[in-house]
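The chain contents come next:
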Amino acid sequence: ISVAKAGITTVLNSRSSVLAAANPVFGRYDDLKSASENIDLMSTILSRFDLIFLVRDVRDEARDRMICRHVMGVHIGSGGRASEGGGGGGLGA
């Protein structure tokens, strides 16, 4: 990590990772714009990341409805049993 403060510049060894997430500008990813335009962060901030992954949700109403039915079925169908330690992949951990 490079630190510049009060006229002192130094480099500190670090063994940490930073994970950040950002939503696209105006709430939707625009395929006609570059990734940096969609993220709209200053290049000085973006340059600090070694890796940048784009995770996009392609709009597909049929698939979204299928996922919604599944999630609602899991939550409604559990009837609170997941919180009783029954396991089964419900809401409880």
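Because the structure is a prediction, the values reported are computed rather than measured.

A. How the structure looks around the overall build of the protein. The secondary structure content of the protein amounts to 3 helices and 2 strands. Along its sequence from the N terminus, the protein presents helices and strands in the succession β-β-α-α-α. Going through the 93 residues of the protein one by one, you find that 5% of them count as buried. Excluding contacts between residues fewer than 6 apart, the proportion of contacts in the protein whose partners are at least 24 apart in sequence is 17%. Surface exposure of the protein reaches about 8,700 Å², of which carbon and sulfur atoms provide 56%.

B. Quick look at unusual backbone geometry. Positive phi is not limited to glycine here, since Ala6 has a value of about 55°. In this structure, Ala6 sits in the loop between strand E1 (2–5) and strand E2 (8–11). In this model, Phe26 sits at a positive phi of 65°, which is unusual for a non-glycine residue. Within the secondary structure layout, Phe26 lies in the loop between E2 and helix H1 (35–39). A relative accessible area of 76% means that Phe26 is categorised as exposed.

C. Quick look at the pairing of E1. Summarising the sheet, E1 and E2 pair through 4 bridges and their orientation is antiparallel. Considered in E2, the bridge of Ala4 is made with Thr9. Counted between consecutive antiparallel strands, the loop separating E1 from E2 contains 2 residues, among which Ala6 sits at a positive phi close to 55°.

D. Summary view of the environment of Asn13. By the secondary structure assignment, Asn13 is in the loop between E2 and H1. The sequence separation of Asn13 and Ser2 amounts to 11 residues, and the corresponding C-alpha distance is 8.9 Å.

E. Inspection of the pattern of salt bridges at higher detail. Taken as a whole and assessed by the stated rule, the structure comprises 2 salt bridges. Note that Asp31 is salt-bridged to Arg56, the shortest N-O span being 2.9 Å. A residue pair is termed long-range when its members are at least 10 positions apart, and Asp31 in the loop between E2 and H1 and Arg56 in the loop between helix H2 (43–46) and helix H3 (61–78) qualify at 25 residues. The exposure class assigned to Asp31 is exposed, which follows from its relative accessible area of 55%. Between Glu61 and Arg65 there is a salt bridge; the shortest N-O distance is 3.0 Å. Of this pair, Glu61 and Arg65 both sit in helix H3, separated by 4 residues, roughly a single helical turn. With relative accessibility at 55%, the residue Glu61 sits in the exposed group.

Criteria and thresholds
Residues numbered from 1 in each chain as written. Predicted model: local features only at pLDDT ≥ 70, side-chain atom pairs only at ≥ 80, totals over all residues. Heavy atoms only, no water. Helix = DSSP H or I, 4+ residues; strand = E, 2+ residues; numbered from the N terminus. Buried < 20%, exposed > 50% of the residue type's maximum accessible area, 1.4 Å probe, protein only. Contact = heavy atoms within 4.5 Å. Areas by Shrake-Rupley, 256 points an atom, 1.4 Å probe, with all protein chains shown as cover. Pairing = 2+ DSSP bridges. Salt bridge = Lys/Arg side-chain N within 4 Å of Asp/Glu carboxyl O.

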